[in-house]
Amino acid sequence: MPLSHLPGASPLTRMADGTIKQVNPFTGTQVWTVPGRGHRPLGLASRTPEPLAAPNDGRHCALCHLRYRETPPEKARLVRQDADDGEQWLTLHNVPSERLFDQVAELRRIPNLFEILSFDYWHANYGYDMSPEAAEAMRSYLATGSGREHVLAVVRARLAASGVSDEGWAALGEEERLEPARAFFGGSHDLIVARRHYLDDATHDDALASSGSLTPAEHARYIGFTVDAIAATYAANRYARYVAVFQNWLKPAGASFDHLHKQLVAIDERGVQAELELRGLRLNPNIYNEAAVNYAAHHNLVIAENDHAIAFAGFGHRYPTLEVFSKSAEPLPWRQSPDEVRGMSDILHACHAATGAAVPCNEEWHHRPADVDVPMPWRVMVKWRVSTLAGFEGGTKIYLNTIDPWTLRDRVVPRLEELRERGRIADMALASECPAAPNALRYNPALG
């Protein structure tokens, strides 16, 4: 049973020698921070950056804007449209193959070529099939020579990666070749891909465009587009009990491409994390305030706050973690107001900006599962992948996190102060400037 469910239990204990023992209040994960192990440099191993011959040529990886045809047909894209009253942003759905290069998309939603839960998984286990809208999108795309050529090329690449030889491909009939394409239009595992691979002014290959290098407005569009995609995924797959959202930044954090993107994966279970939290939530409806935000505030771990979100140095995680909680009374992000989503985006963006592009990290989203009847706040974890799990962790299930929550706070807050002074992040309260009021989260209607 997670420790937060036991009376008098403390998630943080400082030993006489300086060792800090942590217990995650929701999962019971045990973490120790031992003195002397946290002075290692962060980020990737240093190397000499290579000059870029053409930083913005749009061909650095398969997610870049001049290689659109190397990925499956997109489901949606966000584009800028000039108007008399200033710029506007428009979401286009199911752009035809012939129009893919009409403009450079700010953001794209594309199917993952190698799904975690495949279209066949949903079809075989639940009888799931494409919606009429998805079926029509597929028919329209394949109706043109350009669209059919694009789809067949991507299917060929996918089958080749699975070991299908040239001879095996040649032996397939047209219908057999197009069968895997159903996953492109009706699948439930998508990528949200940002425009840039490198910064616009990049001269060397260490100037990757990360979440923190976006402007607050760009990041807000990135978050809003992702939130809309979650809602669309639930609407398209009636059997999805949860849509997992995550971002792997850099290869040590699991990224296949060093190109900014998020992933959305529909699954047919709530997930272990949600199940553990639900047990505690049913016993204590105010558990997120009491065991997370209030506890962090009482131990001076809050790092940033605005009207709609709050961030603190997390505890009980295997890696140094910045936790960002929405303060909205609405637990589902796609039902929150634009101001609430923007407030969440601004705090999350600040966490990434303070982290820096050189630090591998995972961004994990948590929201209330579709079939849960109790409110759970939308929150996002930014986990710094700066250590490697080894034999000690495997043998004891006690994890060594080299940076304790207070050290994490002390690394991040000065950087946020500098970024705020330079106008690189949105205006927000930092550390001691944050309000000291308890129960900052309004997700529980009983709290008023």
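Here goes a summary of the coordinates provided. All values derive from a computational prediction rather than experimental measurement. (Residues numbered from 1 in each chain as written. Predicted model: local features only at pLDDT ≥ 70, side-chain atom pairs only at ≥ 80, totals over all residues. Heavy atoms only, no water.)

1. Quick look at the overall build of the protein
Basically, it comes down to this: Strands here mean DSSP runs of E at least two residues long; helices mean DSSP runs of H or I at least four residues long; both are numbered from the N terminus. The globule rule used for comparison is 2.2 Å times the number of residues to the exponent 0.38, while the radius of gyration itself is calculated over C-alpha atoms. Here's how the labels work: a residue is buried when its accessible area is under 20% of the maximum for its type, exposed when over 50%, partly exposed in between, all with a 1.4 Å probe on protein chains only. The contact criterion used is simple: two residues touch if any of their non-hydrogen atoms lie within 4.5 Å. In this description, accessible areas are obtained by the Shrake-Rupley approach with a 1.4 Å probe, and a residue is regarded as covered only by the protein chains that are shown. Counted charges follow a simple rule, with Lys and Arg positive, Asp and Glu negative, and His plus the chain ends left uncounted. One atom stands in for each charge, and that atom is NZ of Lys, CZ of Arg, CG of Asp or CD of Glu.
Each helix and strand in the protein was counted, giving 12 helices and 16 strands. The globule rule puts the C-alpha radius of gyration for 448 residues at 22 Å, and the 23 Å found for the protein is close to it. Counting only C-alpha atoms, the protein reaches 70 × 55 × 50 Å along its principal axes. For the protein, the residues scored as buried account for 53% of the 448 residues in total. Considering only residue pairs separated by 6 or more positions, the protein has 70% of its internal contacts joining residues 24 or more positions apart. Summing over all exposed atoms, the protein offers an accessible surface of approximately 20100 Å²; the carbon and sulfur share of this is 51%. Averaging the locations of the 46 positively and 56 negatively charged side chains of the protein gives two centres separated by 4 Å.

2. Brief notes about the nonpolar core
As a reminder of what qualifies: Only buried residues count toward a nonpolar core. Its members are Ala, Val, Leu, Ile, Met, Phe, Trp, Tyr and Cys residues joined through side-chain atoms within 4.5 Å.
Of all hydrophobic cores here, the largest spans 112 residues; its most connected members are Val151, Ile303, Trp384 and Leu416. In terms of residue count, helix α10 (residues 338-355) provides more of this core than any other element does, 8 residues in total. Non-local contacts of Ile303, meaning those with residues more than four positions away in its chain, are made with Ala311, Phe312, Ala313, Leu322, Cys351, Arg409, Val412, Val413, Leu416, Ala429, Leu430 and Ala431. In this structure, Cys61, Cys64, Ile110 and Val193 belong to the second largest nonpolar core, which totals 6 residues.

3. Considerations on the pairing of strand β11 (residues 309-313)
Note the following rule: For two strands to pair, DSSP has to find at least two bridges joining them.
For β11, the buried fraction is high: 5 of the 5 residues fall into the buried class. Where burial is concerned, the two faces of β11 agree: the one with Ala309, Ala311 and Ala313 and the one with Ile310 and Phe312 are both buried. Where strand β10 (residues 302-305) lies against β11, 3 bridges are found, and the strand directions are antiparallel. Bridge assignment links Glu305 to a residue of β11, and that residue is Ile310. Linkage of β10 to β11, two consecutive antiparallel strands, is achieved through a turn of 3 residues. Relative to strand β12 (residues 321-326), β11 runs antiparallel, the two sharing 5 bridges. Its bridge partner being in β12, Ile310 is matched across the sheet by Phe325.

4. Thoughts on unusual backbone geometry
The phi angle at Asn94 is positive, at roughly 50°, despite the residue not being glycine. Mapped onto the elements, Asn94 comes out in the loop between β5 (86-93) and β6 (107-111).

5. Some details on the sheet that holds strand β4 (residues 76-83)
Here is the rule: To get an axis, fit a line to the C-alpha atoms, keeping to the stretch in contact for a helix; angles then go from 0 to 180 degrees between the N-to-C directions.
A sheet is described by the order of its strands in space; here 12 strands give the open sequence β5-β4-β6-β7-β9-β8-β13-β14-β12-β11-β10-β16, paired in antiparallel fashion. Strands with a single pairing partner mark the edges of an open sheet, and in this sheet they are β5 and β16 (429-430). Bridging between β4 and β5 involves 8 bridges; their strand directions are antiparallel. Each residue of the ladder has a partner; that of Gln81, found in β5, is Gln88. The sheet contacts of α10 involve β8 (242-249), β10, β11, β12, β13 (361-366) and β14 (379-384), and relative to β12 the element is tilted by about 170°.

6. Some details on the environment of Ala207
Tracing the chain through its elements places Ala207 in the loop between β7 (189-194) and α7 (216-236). Residue Ala207 is classed as buried on the basis of its relative accessible area, which comes to 16%. Separated by 71 residues in sequence, Ala207 and Glu136 have C-alpha atoms that sit 41 Å apart. Apart from the residues within four sequence positions on either side, Ala207 is in contact with Tyr198, Leu199 and Ala202.

7. With respect to the sheet that holds strand β3 (residues 30-33)
The 4 strands are arranged β1-β2-β3-β15 in an open sheet whose pairing can be described as mixed. Lying at the two open borders of the sheet, with one neighbouring strand each, are β1 (12-14) and β15 (398-400). Averaged over all pairs of adjacent strands, the angle between strand axes in this sheet comes to 20°, irrespective of strand direction.

8. Overview of helix α3 (residues 145-161)
To be explicit about the condition: To estimate the expected span of a helix, count its residues, drop one, and scale the result by 1.5 Å.
For α3, spanning 17 residues, the distance from its first C-alpha to its last is 24 Å, which sits close to the expected 24 Å at 1.5 Å a residue. Among all positions of α3, only Gly147, His150, Val151, Leu152, Val154, Val155, Arg156, Arg158 and Leu159 are buried. In this structure, the buried side of α3 is in contact with α2 (132-142), α4 (166-170), α5 (174-178) and α6 (182-186). Residue Gly163 follows α3 closely and has a positive phi angle near 100°.

9. Quick look at the packing of aromatic side chains
To keep things clear, this is the line we draw: Only Phe, Tyr and Trp rings take part, Trp by its six-membered ring, and two of them pair if their centres are within 6.5 Å. Stacked means planes under 30 degrees apart, edge-to-face means over 60, and tilted covers everything else. Any Lys NZ or Arg CZ found within 6 Å of a ring centre and within 35 degrees of that ring's normal is scored as a charge over the ring.
With the rule as written, the count across this model stands at 13 aromatic pairs. When the centroid spacing of 5.7 Å and the interplanar angle of 85° are considered together, the rings of Tyr121 and Trp122 count as edge-to-face. Residue classification places Tyr121 among the partly exposed positions, given a relative accessible area of 28%. One aromatic cluster is present, formed by Phe26, Tyr288, Tyr295, Phe312, Phe315 and Phe325 through successive ring pairs. The ring of Trp406 carries the charged tip of Arg14 above its face, separated from the ring centre by 4.8 Å.

10. Digging into the side chain of Thr226
On the secondary structure map, Thr226 appears in helix α7. Taking the relative accessible area as the measure of exposure, Thr226 reaches 0% and is therefore buried. Apart from the residues within four sequence positions on either side, Thr226 is in contact with Ile192, Val245, Lys262, Leu264 and Trp365.

11. Section: the side chain of Lys262
For clarity, the threshold we go by: Nitrogen and oxygen atoms within 3.5 Å of one another constitute a polar contact, given that in protein one can donate a hydrogen and the other can accept it, and given that sequence-neighbouring residues count only through two side-chain atoms.
In this fold, Lys262 is placed in strand β9 (residues 261-267). Side chain to side chain, Lys262 and Gln247 meet in a polar contact 2.8 Å long. Those residues in contact with Lys262 that sit more than four places away from it in its chain are Asp190, Leu191, Ile192, Tyr222, Ile223, Thr226, Phe246, Gln247, Glu363 and Trp365.

12. Comments concerning the pattern of salt bridges
Should their charged atoms come close, side chains of opposite charge can pair. For clarity, the cut-off: When a carboxyl oxygen of Asp or Glu lies within 4 Å of a side-chain nitrogen of Lys or Arg, that pair is called a salt bridge.
A complete count under the given rule lists 30 salt bridges for this structure. Its salt-bridge partner being Arg108, residue Glu74 comes within 2.7 Å of it at the nearest N-O pair. With Glu74 in the loop between β3 and β4 and Arg108 in strand β6, the pair connects residues that are 34 residues apart, well separated along the chain. Accessibility assignment for this pair places Glu74 and Arg108 in one class, buried.

These results come straight from atomic positions and should not be treated as a statement about function.
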